[in-house]
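Overview (structure and organization)
One letter stands for each residue in the lines below.
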Amino acid sequence: MTSTVPPAVPHTDVQPPITMFGPDFPYAYDDFLAHPAGLGQIPATEHGTEVAVIGGGLSGIVTAYELMKMGLKPVVYEADQIGGRLRTVGFEGVSAAGDADELNCELGAMRFPPSSTALQHYIDLVGLGTEPFPNPLAESTPSTVVDLKGESHYAKTLDDLPAVYRQVAEAWNACLEAGADFTDMNQAMRERDVPRIREIWAQLVEKLDNQTFYGFLCDSEAFKSFRHREIFGQVGFGTGGWDTDFPNSILEILRVVYTEADDHHRGIVGGSQQLPLRLWEREPEKTVHWAPGTSLSSLHDGAPRPAVTRLHRTAGNRITVTDADGDIRTYTAAVFTAQSWMLLSKIACDDSLFPIDHWTAMERTHYMESSKLFVPVDRPFWLDKDEDTGRDVMSMTLTDRMTRGTYLLDNGPDKPAVICLSYTWCDDSLKWLPLDANERMEVMLKSLSEIYPKVDIRKHIIGNPVTVSWENEPYFMGAFKANLPGHYRYQRRLFTHFMQDRLPEDKRGIFLAGDDISWTAGWAEGAVQTALNAVWGVMHHFGGSTDAANPGPGDVYDEIAPVELPED
């Protein structure tokens, strides 16, 4: 719903905002990016040196952009299209008349919390705007319908729902407070109190690493009621139901709620894929070595290299990359930003690329499935009023039916609009997998007709449906990482991989980045943060350094390193 938990203290003008500062690695990436000293420099003898950047999603493009600014020459490899899971597409079959040609849908990331402050740096840098996203019961959402077990409830605020929903919200608040020191951590993160964050989190990691989300609820006095747990799973608070996350580690969920990543979401006006595309074309005002007017696009003659098919080490501890065109190039350093499962199946790799413990961590990575289906419609008809009730004829909908979440995306009165008929996860996503887009649409329309018997959605549809199942996408094989209980140690190995002085010399030179390497997978902020870690790692690998006034994540690593659990 609109608020996961009440803030620790009332919001005032002097109250610091919540950001994705920790809890695992409390480093101020936003301050690092904003500092006039920049992110660091490399020796002049290394200027123009090529560095492979494998993957052209947000993490890869941020990595390449910042390496270019330092004077290195990033060589970006991309198997499909720039953007990764920032994928904005249009609709076939929609007439270009009027504004309909501007309709698009977000197959990947579509909503971003304000706590993503490093991400916001790049959104601002390329001049993109944001707007409120119509989550359930958000202020920008005209109305919400919660439909469970065949019974529907219409609401504009949480108070409009039956008392049991408020009881569930209160149970979640109490559960977080009793089991996860929510108020203390919330305040410590607002104040960027590193010692306090580390103290609280170290205790929780040790206590909860082996616990599922569902087990955490069951252990709470506040959630002794199965009915409350069931409603919470189906409807949830923040962005909708949480039950698809129930088998995952509770630590994954705590990272989300501590940082308010599930609240106050905004969408990028015109589509999220514009962000990496604009960075690709952007000509930085200040670069080292490169002539004014240089961009990633100009360094690549307009297009990245194709898919990587092989990675191996060669003499001098170099990284040799073979691409789909058969081109073979050797680099002093490489950054791998695609989902790590690609290294296990789609790319032929030498075992010597990474230490065995890191290979194990990649193999143990758990990815969530996710599917969406969008249709273009002639206008935001859902704002029409029912003659009998005076209510909106259709609303943002949370349900236990096959659609699970239906989002209404308005472009203005009487203008063509978009409906996300269904947004589902995990098993709910797998149920759609054998069906094509039209078959999916038919099932969804049937489900929604049972909730809104007076509404003929079909008569408003003006183009073909667009769908995605990320688990079936060959270069992704899943939506995003979600650690299972006991996986903290694996995630720590992947996240800390950029600190390569700690690795054997013959295991250095290739760096991992991307949101599945981050602690906050599924959020673009994690893609940005790990990109900046990799940039620091490459800079350090080439003998470079940061300005003393703006230490990078590796410079302060020992002071804020993630909790290290015993291996024995």
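Quick note: structure is the one above.
None of the values given here were measured: they were computed from a predicted structure.

Structural notes on the sheet that holds strand β15 (residues 370-377)
Reading across from one edge, β7-β6-β16-β17-β18-β15-β19 is the order of the 7 strands in this open sheet, with mixed pairing throughout. Unpaired on one side and paired on the other, β7 (151-155) and β19 (466-469) mark the two borders of the sheet. Averaged over all pairs of adjacent strands, the angle between strand axes in this sheet comes to 15°, irrespective of strand direction. Two elements, β15 and strand β18 (residues 417-425), share 8 bridges in a ladder whose sense is antiparallel. Within the sheet, the bridge partner assigned to K372 lies in β18 and is Y423.

Remarks on the packing of helix α4 (residues 163-180) against helix α8 (residues 226-234)
Following both chains from N to C, one finds α4 and α8 inclined at 90°, their axes separated by 10 Å at the closest point. When the interaxial angle is binned, α4 and α8 end up roughly perpendicular. Listed contacts from α8 to V164, Y165, Q167, V168 and W172 of α4 are R227, H228, I231 and F232.

Section: the packing of aromatic side chains
If you walk through the whole model with that rule in mind, you get 31 aromatic pairs. Consider the rings of Y77 and Y331, whose centres lie 6.5 Å apart with planes at 85°: the pair is edge-to-face. A residue pair is termed long-range when its members are at least 10 positions apart, and Y77 in strand β2 (residues 73-77) and Y331 in strand β11 (residues 328-331) qualify at 254 residues. Neither residue differs from the other here; Y77 and Y331 are each classed as buried. Centre to centre, the rings of F182 and Y258 are 6.0 Å apart; their planes meet at 25°, and the pair counts as stacked. Taken together, the residues F182 in helix α5 (residues 182-191) and Y258 in helix α9 (residues 250-258) connect sequence positions 76 residues apart. With respect to burial, F182 and Y258 carry one shared label: buried. Through a chain of ring-to-ring contacts, three or more aromatic side chains come together here, namely F25, Y27, Y29, F32, Y488, F495, F498, W519, W536 and Y557.

Points about the packing of helix α2 (residues 58-70) against helix α10 (residues 274-281)
Between α2 and α10, the least distance of the axes is 10 Å, while the angle of their chain directions is 25°. Put simply, α2 runs roughly parallel to α10. Considering the relative orientation of α2 and α10, their crossing is left-handed. In contact with L58, I61, V62 and Y65 of α2, α10 contributes L275, P276, L279 and W280. Here the residues of the contact of α2 with α10 are counted per class, giving 8 nonpolar, no polar and no charged.

Looking at the sheet that holds strand β13 (residues 348-349)
Spatially, 4 strands are ordered β11-β10-β9-β13 in an open sheet, and the strand pairing comes out mixed. Two strands lie at the open edges of the sheet, namely β11 and β13, each paired on one side alone. For strand β10 (residues 318-323) and β11, the ladder comprises 4 bridges, and the chain directions are antiparallel. Bridging from a neighbouring strand, T322 pairs with I328 of β11.

The rules behind each value
- Residues numbered from 1 in each chain as written.
- Predicted model: local features only at pLDDT ≥ 70, side-chain atom pairs only at ≥ 80, totals over all residues.
- Heavy atoms only, no water.
- Pairing = 2+ DSSP bridges.
- Helix = DSSP H or I, 4+ residues; strand = E, 2+ residues; numbered from the N terminus.
- Axes fitted to C-alpha atoms, helices over the stretch in contact; angles between N-to-C directions.
- Parallel < 35°, antiparallel > 145°, perpendicular 65-115°, else oblique.
- Contact = heavy atoms within 4.5 Å.
- Phe/Tyr/Trp six-rings, centres within 6.5 Å; stacked < 30°, edge-to-face > 60°.
- Buried < 20%, exposed > 50% of the residue type's maximum accessible area, 1.4 Å probe, protein only.
- Left-handed = near helix turned anticlockwise from the far one by under 90°.
- Nonpolar A, V, L, I, M, F, W, Y, C, P; charged D, E, K, R; others polar.

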